[in-house]
Amino acid sequence: MRTTEGESRAWLLTEVEAYDSELDLACHASKGRTTRTEVLYRAGGVWYVYLCYGIHEMLNLVTGPVGHPAAVLIRGVAGINGPGRLTKRLEIDRALNGKPAAPASGLFLADVGLVVSPRRIVATPRIGVDYAGPVWARKKWRFYFEPSAAELPGAR
DNA sequence: CCATCGATCGGCT
DNA sequence: GCCGATCGATGGT
């Protein structure tokens, strides 16, 4: 959910990708603590937004305890597929980097009570991380599900 | 300082 | 299926 100039909008989160620890060669923290990755080492609950390919803003939620770099890349919501398209449509950029995932920052998560059976959730290798080598590139840490019309925001 | 490359996307062959 | 766009973080000279 997001608030922009008083306007509130809601999206159903449908696709994410996990990045965990310095051991994960696909995780930016695999290169250690740097100016860019510092946010990943904070306590979970803050946004990590960076520029990819010089064009796309990537939105991630930091998820680990203090000192343990881990994050979830927000890859898609109902109606918007692709992490780059998502940030463009939601007008999200690096200004949000390091900000809390709370109403004060304008972008936060809300539990709407939707229960998704595990059998509906598909797990696949992460996208675009072949450079991480076979072990890490093959881990099935991308997850998504296809929401039904009745599950979309605003449906009744 | 300079070179490399990327958690992508849209357009074209 | 391939390729270029576009730029900041990173690492080496």
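Our structure is the block above this text.
Residues numbered from 1 in each chain as written. Chains lettered and ligands numbered in written order. Predicted model: local features only at pLDDT ≥ 70, side-chain atom pairs only at ≥ 80, totals over all residues. Heavy atoms only, no water.

Help me understand the protein's contact with DNA strand B, please; the structure alone is not making it clear to me.
Not every one of the 19 residues close to DNA strand B is listed here, only the nearest: H28, H56, N60, R85 and Y131. At 3.1 Å, a side-chain N or O of Y50 approaches a base nitrogen of DNA strand B. Within the contact set of DNA strand B, a base nitrogen lies 2.4 Å away from a side-chain nitrogen or oxygen of N60. Mapped onto the surface near DNA strand B, the elements with two or more residues apiece are β5 (56-62), β6 (70-77) and α1 (83-89). Taken together, the residues that form the surface near DNA strand B break down as ten nonpolar, seven polar and two charged. (Near = heavy atom within 4 Å. Polar contact = N/O pair within 3.5 Å; in protein donor to acceptor, adjacent residues only side chain to side chain. Helix = DSSP H or I, 4+ residues; strand = E, 2+ residues; numbered from the N terminus. Nonpolar A, V, L, I, M, F, W, Y, C, P; charged D, E, K, R; others polar.)

Hey, could you run me through the nonpolar core in this one?
General note: in soluble globular proteins, nonpolar side chains tend to be found buried as a group. Counting residues in hydrophobic clusters, the biggest one holds 19 residues, and the most contacted among them are Y19, L40, Y48 and V62. With three residues, the top contributor of residues to this core is strand β4 (residues 47-52). The residues touching Y48, leaving out its near neighbours within four places in the chain, are H28, R36, V39, L40, M58, L59, N60, V62 and N97. Within the second largest apolar cluster, twelve residues are counted, among which are V49, I74, L86 and L107. (Core = buried A, V, L, I, M, F, W, Y, C linked by side-chain atoms within 4.5 Å. Buried < 20%, exposed > 50% of the residue type's maximum accessible area, 1.4 Å probe, protein only. Contact = heavy atoms within 4.5 Å.)

Hey, could you run me through the pairing of strand β3 (residues 13-20) in this one?
Successive side chains on a regular strand alternate, one facing one side of the sheet and the next facing the other. Pairing geometry for β3 and β6, over seven bridges, is antiparallel. Of the residues in β6, the one forming a bridge with D20 is A70. Two elements, β3 and strand β9 (residues 142-144), share three bridges in a ladder whose sense is antiparallel. Considered in β9, the bridge of E15 is made with Y144. (Pairing = 2+ DSSP bridges.)

Explain the protein's contact with DNA strand C to me, please; I cannot follow it from the model alone.
Surveying the vicinity of DNA strand C reveals the residues K31, T34, T35, R36, Y53, G54, I55 and R94. Backbone atoms, meaning sugar plus phosphate, form 63% of the atoms of DNA strand C positioned within 4 Å of the protein. Within the contact set of DNA strand C, a base oxygen lies 2.3 Å away from a backbone nitrogen or oxygen of Y53. Here the surface near DNA strand C is built from residues that sort into two nonpolar, three polar and three charged.

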